[in-house]
Amino acid sequence: FILLFNTLLFSQQALTLNEAIEILKNKNLEIKTSQLDIDMVSQDKKTISGTNWGKLDFIQDYANSDDAGNVFGFKLTSREANFGDFGAQEFMDNYMSGNPDYDTPPKDLNYPDSRDFFQSKLRYEIPIFTGFKISSYEDVIKSMLKIKKLEKEQMVSQKIYELKKSFYDMALLVNSKKNLDKILKNINILENITHNMIEVGYAKKVDLLEVKAKKGNVERLISQMNSNQTLLYHYISFLLNQKITNIIAPPLDVAITKLSDEEILNSNFDIKKANNGLEVRRNLTKIEEASYYPTIGAFAEISTADDSFLGDANDHKAYTFGARLTWNVFNGGIDAANIEKSRLDFIKTKIQVELAKSGIKLKIQKIRTEIETFDNDIVSLKKELDLANEIYKNYEGRYKEQLTSMSELVIKQSQQIQKILELQQTRNKRNERIFALEKLINGEQL
C-alpha cells in the first residue's frame, strides 16, 4: 500500500529536468543495454587473461579391442605385459618336446583375447612464450573496454540531450500557448463587444463572422500545441521508462555551453573512441608481428590405466612432462605482408582521426555563428512582438470607436499571432543549434 501510495504521489508531482535526468540514468533501457555491452567485454578480458594460466584437463578413455597391437599396447600402458604375451609358453612347450620352432608365429601374441582398457589422465598445458601475442590481445581488450565505456557515456549523453530537448520544447509550447490563450481571451472579449455593437447598429454580422473565424484559427493552433504536448509527454515517458504526466518546464532559452572550441574537441566521444581505436590498431600490428617469434609451451600429465576403471590405480600410475618450441622459419612472405597491411591500416586510421578533428572544428565555428545570428533575431522579434501587441490594442480601441474596420483589426491580430509563432520558431532553432553544439561533445557530427 505504501509503495502504491508513493507511486501515485510521485506521479502527481511535477518533475524537474534534473530529477528526470537521474531517473533516465537508472531506468532507460538503452543505457542498461550499453552497460551489458561493457560487462560482456569484461568477460572477454577475463578469457584472455585466463590463457596465461594454461588449462587442466581430466581425460577418461575407454576402449575394447582384440587387435593384437592394441591389446599388447593396453597391457603395456597398464604395466601388465609379460613374456607370455610374446608366446613364451608356446616356445617352451615346443622346446621341451624337442621341436623348437623359431619361425612359427606365437598365437598368444597375434590372436589375443579381446581386452577392456580404461585410462584416467590429468593433463596440464601452459604457454610459456607466445611472441607477446597474449599480452597484445590483452591490450586490445583493454582498449575495447575503454571504447565500450565511452559508448555508454555517449549513450547517456545522447539520452540526456533528447530529454533536455523535450523539456525545452515543452517550455516553448507552454509559452506560446500562454500567449495564444491571452489572444483567445481578447477575441472572446471582442466577440462580446461585436455582439453588443451589432445590437445597437454600430457593427455588421460580417464583423462577427470575421471574429469567429479568427477565434477558430487560434483555437486550432492551441489544439495543435496540446497534441504536441501530449506527444512530448509520451516521448519523455519512453525515455524514462515510466509514465510521466507533469513536468516543470525550464526557462525558454537554453544556456550556451561555456566550453571552448578546443575543450569541445577534446570532449568529443567519437574522437576519444577513435584514439582508443588507434591503440587497437597498434596492438593488432603487434599481434601480427608475433608470427616472427617462436612459441614455447610446456605440459605435464599423470595417468593410470587398467582393464577396469581405476583398477590398481596407484600401481599402474605414470607421468609425462615436456615442452615444445615451434618457430615458423618461412611461409612465403605471408607474415610480412600481414604486418605491412596492419601498419597501413593504422596509418589510415590515424589520418581519418585528424580529418575528423578538422571537420568538427569547422562545424563548431558554423554552429556558433548560427547561434549568434538567432540571438540577434530573437532580440529583434521580441521588439516586433511588443509593437504588434501595442498596435492591436490601438486598433481594438479604434474599432470600438468605429474608426477602423473589423478586417483591419483582424489583420493586426494575425500579425500579432504571426510574431508569436515566429518568435517561438526562432527560439526553437536557436535551442536546436545549442543542442547541436552539445551533440558535437556527444560525438554525433551534424
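Residues numbered from 1 in each chain as written. Predicted model: local features only at pLDDT ≥ 70, side-chain atom pairs only at ≥ 80, totals over all residues. Heavy atoms only, no water.

Helix and strand counts for the protein come out as 12 helices and four strands. Relative to the compact-globule value of 22 Å for 446 residues, the protein shows a C-alpha radius of gyration of 43 Å, a clear excess of over 25%. Its C-alpha atoms put the protein at 160 × 55 × 35 Å along the principal axes. Buried residues in the protein amount to 35% of all 446 residues. Summarising the internal contacts of the protein: among those between residues at least 6 apart in sequence, 84% fall at separations of at least 24. As displayed, the protein has an accessible area near 26700 Å², and 56% of this comes from carbon and sulfur atoms. Side-chain charges of the protein comprise 61 positive and 63 negative groups, with the mean position of each set lying 13 Å from the other. (Helix = DSSP H or I, 4+ residues; strand = E, 2+ residues; numbered from the N terminus. Rg over C-alpha atoms; globule rule 2.2 N^0.38 Å. Buried < 20%, exposed > 50% of the residue type's maximum accessible area, 1.4 Å probe, protein only. Contact = heavy atoms within 4.5 Å. Areas by Shrake-Rupley, 256 points an atom, 1.4 Å probe, with all protein chains shown as cover. Lys, Arg positive; Asp, Glu negative; His and termini not counted. Charge placed at Lys NZ, Arg CZ, Asp CG, Glu CD.)

A positive phi angle, close to 60°, is found at Asn241, a residue other than glycine. If you trace the backbone, Asn241 turns up in the loop between helix H8 (205-240) and helix H9 (261-267). Phi is positive for Asp312, which is not a glycine, with a value near 45°. Secondary-structure assignment places Asp312 in the loop between strand S3 (295-306) and strand S4 (317-326).

So, on to helix H7 (residues 133-199). One full turn of an α-helix is made of 3.6 residues, so residues set three or four places apart face in the same direction. Spanning 67 residues, H7 covers 97 Å between terminal C-alpha atoms, matching the ideal 99 Å at 1.5 Å per step. At the exit of H7 stands Gly201, carrying a positive phi of roughly 85°. (Expected span 1.5 Å × (residues − 1).)

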